[in-house]
Amino acid sequence: AHELRTPVAALRAQPEVALATRDPGIRDAALRHGIEACDRMTRLVTQLMQLARADEAGHLAGATSCELRTIAERVLADSAPAAMQDGTSVALEAADPGRVLGDAALLEALVRNLVDNALRHGGPDGEVRVKLVQQDREVRLTVEDTGPGVTPETLERLGRRFYRAAEATATGSGLGLSIVKRIAELHGGSVSFRNGDADRGLRVEVTIPIQGCERSN
């Protein structure tokens, strides 16, 4: 409830400013900020719904065969316009389809939150790399950005609900990575966080054991 009250208050404040002023410049700025607040609210509500669905699922009774490569391609295609505006390049390396048993909608939410997090915190003019490999009975999905990375203390806390790193510059609710963690757990998998090469960027690795997926079906 607290997380919803804050953006609602911010959303209400902007039209109040627009109504109270006679200055066209102030009014236009308030309306633009109102649109941005609507976008933030939409993202927060979407994430809360994803988290609620993942919590309610409990197990994957209706798991079906899913291709993670196809899901990643769709997510990156959707994210490309926003990435191009920031001068960020996105790349997918996936020789294998990464077929697993799972919930397609939840797996797409997992990939989308990872890519969105990388784009938001990786900084402009960077690169987001998505890699998918399958070894033995595991599928490993890695999403890495070229941003500043995070402190060791932050690495230990990533994935907690509503946790936002003190060094974060992008807006957000602190829900994206907790959604990733919960969905991975539902698929019998795990999530790990670490900084990239030379301590630059954040590298998130999701491992889903195919055997675990088969047990959940």
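In this text, all values refer to a predicted model and were calculated from it rather than measured experimentally.

Thresholds applied
Residues numbered from 1 in each chain as written. Predicted model: local features only at pLDDT ≥ 70, side-chain atom pairs only at ≥ 80, totals over all residues. Heavy atoms only, no water. Helix = DSSP H or I, 4+ residues; strand = E, 2+ residues; numbered from the N terminus. Buried < 20%, exposed > 50% of the residue type's maximum accessible area, 1.4 Å probe, protein only. Areas by Shrake-Rupley, 256 points an atom, 1.4 Å probe, with all protein chains shown as cover. Contact = heavy atoms within 4.5 Å. Pairing = 2+ DSSP bridges. Axes fitted to C-alpha atoms, helices over the stretch in contact; angles between N-to-C directions. Parallel < 35°, antiparallel > 145°, perpendicular 65-115°, else oblique. Left-handed = near helix turned anticlockwise from the far one by under 90°. Nonpolar A, V, L, I, M, F, W, Y, C, P; charged D, E, K, R; others polar. Core = buried A, V, L, I, M, F, W, Y, C linked by side-chain atoms within 4.5 Å. Salt bridge = Lys/Arg side-chain N within 4 Å of Asp/Glu carboxyl O.

### Some details on the overall build of the protein
Each helix and strand counted, the protein has seven helices and seven strands in total. Each helix (α) and strand (β) of the protein, taken in turn from the N terminus, gives the series α-α-β-α-β-β-α-β-β-α-α-β-β-α. When each of the 217 residues of the protein is scored for burial, the buried share is 41%. Carbon together with sulfur atoms contributes 52% to the accessible area of the protein, which is approximately 11,700 Å² in total.

### Here's the deal with the environment of Val-128
Tracing the backbone through its elements, the reader meets Val-128 in strand 4 (residues 127-135). Judged by its relative accessible area of 1%, Val-128 is buried. Excluding residues that lie within four positions of it along the chain, Val-128 makes contacts with Thr-88, Ser-89, Val-90, Ala-91, Ala-118, Leu-119, Val-143 and Glu-144.

### Focus: the pairing of strand 4
With five bridges connecting them, strand 2 (residues 89-93) and strand 4 associate as parallel partners. Bridged to Val-90 within strand 4 is Val-128. Here strand 4 runs beside strand 5 (residues 138-145); their pairing, made up of eight bridges, is antiparallel. The residue bridging Val-130 from the neighbouring strand is Val-143, located in strand 5.

### A word on the packing of helix 3 (residues 68-85) against helix 4 (residues 104-121)
Running from N to C, helix 3 and helix 4 point in directions that differ by 40°, and their axes come no closer than 9 Å. Taken together, the axis directions place helix 3 and helix 4 in an arrangement best described as oblique. Judged by the sense of rotation from one axis to the other, the crossing of helix 3 with helix 4 is right-handed. Within the contact between the two elements, helix 3 uses Leu-68, Ile-71, Ala-72, Arg-74, Val-75, Leu-76, Asp-78, Ser-79 and Ala-83 and helix 4 uses Ala-104, Leu-107, Glu-108, Val-111, Arg-112, Val-115 and Leu-119. Broken down by class, the residue content of the contact of helix 3 with helix 4 amounts to eleven nonpolar, one polar and four charged.

### Points about the sheet that holds strand 7 (residues 202-209)
In space, the five strands of this open sheet follow the order 2-4-5-7-6, with mixed pairing throughout. Edge positions in the open sheet fall to strand 2 and strand 6 (190-195), since each of these has one partner strand only. With strand direction ignored, the average angle separating the axes of adjacent strands in the sheet is 15°. Sheet strands in contact with helix 3 are strand 2, strand 4 and strand 5, and its direction is about 170° off that of strand 2. Its contacts with the sheet place helix 4 against strand 2, strand 4, strand 5 and strand 7, and it is angled at close to 25° to strand 5.

### Concerning the nonpolar core
Ranked by internal contacts, the top residues of the largest apolar core, which has 40 residues, are Leu-110, Val-111, Leu-114, Leu-141 and Val-206. If you list the elements that add at least two residues to this core, you get helix 3, helix 4, strand 4, strand 5, helix 6 (176-186) and strand 7. Ranked by residue count, the leading element in this core is helix 4, at nine residues. Beyond its immediate sequence surroundings of up to four residues, Leu-141 is in contact with Leu-110, Val-111, Leu-114, Val-130, Lys-131, Leu-132, Val-204, Glu-205 and Val-206.

### Remarks on the pattern of salt bridges
If the charged atoms of two oppositely charged side chains come close together, the side chains can form a pair. The final tally for this structure, using the stated rule, is twelve salt bridges. A salt bridge links Glu-205 to Arg-140; the nearest nitrogen and oxygen atoms lie 3.4 Å apart. In this pair, Glu-205 sits in strand 7 while Arg-140 sits in strand 5, placing the two residues 65 residues apart along the sequence. Judged by its relative accessible area of 26%, Glu-205 falls in the partly exposed class. Through salt bridges with shared partners, a single network forms among Arg-74, Asp-78, Glu-108 and Arg-112.

### Details of the packing of helix 4 against helix 6
Relative placement of two packed helices is described by the angle separating their axes and the distance separating the axes. Contact geometry for helix 4 and helix 6: axes closest at 9 Å, N-to-C directions at 145°. In this structure, the crossing between helix 4 and helix 6 has a hand that is left-handed. Contact with helix 4, carried on its side by Leu-106, Leu-107, Ala-109, Leu-110, Asn-113, Leu-114 and Asn-117, involves Gly-176, Leu-177, Ile-179, Val-180, Ile-183, Ala-184 and Leu-186 of helix 6 and no other residues of that element. For the contact of helix 4 with helix 6, a count of residues per class yields eleven nonpolar, three polar and no charged.

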